[in-house]
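Below are the chains, spelled out letter by letter.
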Amino acid sequence: MASSKEFVIFVILLVTLLSSCATVSAQLSSKFYDKTCPKVQRIVRKTMKEAVRNETRMGASILRLFFHDCFVQGCDGSVLLDDTPTFAGEKGAIPNKNSIRGFEVIDTIKANVEAACNATVSCADILAIAARDGVVLLGGPSWVVELGRRDSTTASLALANIDLPSPFSNLSTLISKFDAKGLSPTDMTALSGGHTIGQARCVTFRPHIYNDTDVDSKFATLRKSTCPFTSGDDNLAPIDIQTPTRFDNRYYKDLLVKQGLFRSDQELFNGGSQDSLVKSYSSHPNLFNRDFVSAMIKMGNIAPLTGTEGQIRLNCRVVNS
């Protein structure tokens, strides 16, 4: 009798869980703006093309901006809010300060979208589309972006300092950080492949190249040449030493020869649970692309505001008055 009751309880819990997941999926839709702003994706793509043409790195910057948005309060555009005299946003958090960028590009996209469809498309959705387009414009895979997110009226400096993964983290900490957002170790390793594009500040990789043993000595010497031990915090280096402006699977090849720029990068291939997956991604680009797309869609579904929650900001930097 007890086992029968336990089974019934299990079924009820499973149905509840599946229903909640289905609710989020139902609220976000690739067709959300088909009638209210049918040109939104073309507008975003055109503006992103111009931005990446002006600065190739911008594709990586917008991708990172989306990641940092979704990991704090969910994908709600909270990372875009400026500080005010009475409000401390997420831009000043330790992982973000003097680091995340691309806000002017989002401002331009928002202005262009507003000109076509006033007070209709959220900043959160604009960022989601722009992140996809940045990847595509640098040679990466495409995917269908589900839409219908609304913008938060709050941000959290405290959560940004707690929830965002650190470049100094070990593997167990990384797995825990991603698990807290409903992302699996496979999602984590695939999303880390976003480091195949972009650059990083010296201060974020200095401990790895000077103190760790799981780093190629010649690679460390090269990076030390522009990242002194006691200065040059803002000096930049490519995260993927091979093809830093092209989205491909070379990042994983870097890890195989101990040329991961961050400690958190090299932790993915350091005798741990992700070693075999890193090897697979390094030799099977289509597998990496497939898992990256799956993880991006999954990340884009983290705690969105929908329906009447939040608002559609007219200016991505400030809450509507």
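Residues numbered from 1 in each chain as written. Predicted model: local features only at pLDDT ≥ 70, side-chain atom pairs only at ≥ 80, totals over all residues. Heavy atoms only, no water.

**Student:** If you had to explain the overall build of the chain to someone new, which residues and values would you point to?
**Tutor:** Along the chain, the regular secondary structure elements total 14 helices and two strands. Computed over C-alpha atoms, the radius of gyration of the chain comes to 20 Å, within 12% of the 20 Å expected from 2.2 N^0.38 for 321 residues, which places it in the range of a compact globule. In terms of principal-axis extent, the alpha carbons of the chain reach across some 65 × 55 × 40 Å. At a minimum sequence separation of 6, the contacts of the chain that also span at least 24 residues come to 75%. In the structure as shown, the chain presents an accessible area of about 14,700 Å², 56% of it carried by carbon and sulfur atoms. Charged side chains in the chain number 35 positive and 32 negative. The centres of these two groups are separated by 4 Å. (Helix = DSSP H or I, 4+ residues; strand = E, 2+ residues; numbered from the N terminus. Rg over C-alpha atoms; globule rule 2.2 N^0.38 Å. Contact = heavy atoms within 4.5 Å. Areas by Shrake-Rupley, 256 points an atom, 1.4 Å probe, with all protein chains shown as cover. Lys, Arg positive; Asp, Glu negative; His and termini not counted. Charge placed at Lys NZ, Arg CZ, Asp CG, Glu CD.)

**Student:** Break down the nonpolar core for me, with residues and values.
**Tutor:** Membership of the largest hydrophobic core comes to 69 residues, with the highest contact counts inside it found for I62, I106 and M299. Ignoring any residue separated from it by four or fewer positions in sequence, one finds I106 in contact with I62, L65, L80, I126, L127, A130 and C316. Of all hydrophobic cores here, the second largest spans twelve residues; its members include A200, C202, I209 and F219. (Core = buried A, V, L, I, M, F, W, Y, C linked by side-chain atoms within 4.5 Å. Buried < 20%, exposed > 50% of the residue type's maximum accessible area, 1.4 Å probe, protein only.)

**Student:** Hey, could you go over the layout of surface pockets for me, with residue numbers and the actual values?
**Tutor:** Size it by volume and the largest pocket reaches roughly 1,000 Å³. What lines the largest pocket is a set of 44 residues, among which R64, H68, P165, H195 and F262 lie closest to the centre. Contributing elements (two or more residues each) for the lining of the largest pocket: helix 3 (58–70), helix 7 (171–179), helix 8 (185–192), strand 1 (199–201), helix 9 (202–211), helix 12 (263–266) and helix 14 (285–299). Sort the elements by how many residues they give to the lining of the largest pocket and helix 3 lands first, with six residues. (1 Å grid on protein atoms, 1.4 Å probe; cavity = no way out; pocket = protein on both sides within 12 Å on 5 of 7 lines; lining within 4 Å. Points joined across faces, edges and corners; volume = space filled by probe spheres on them.)

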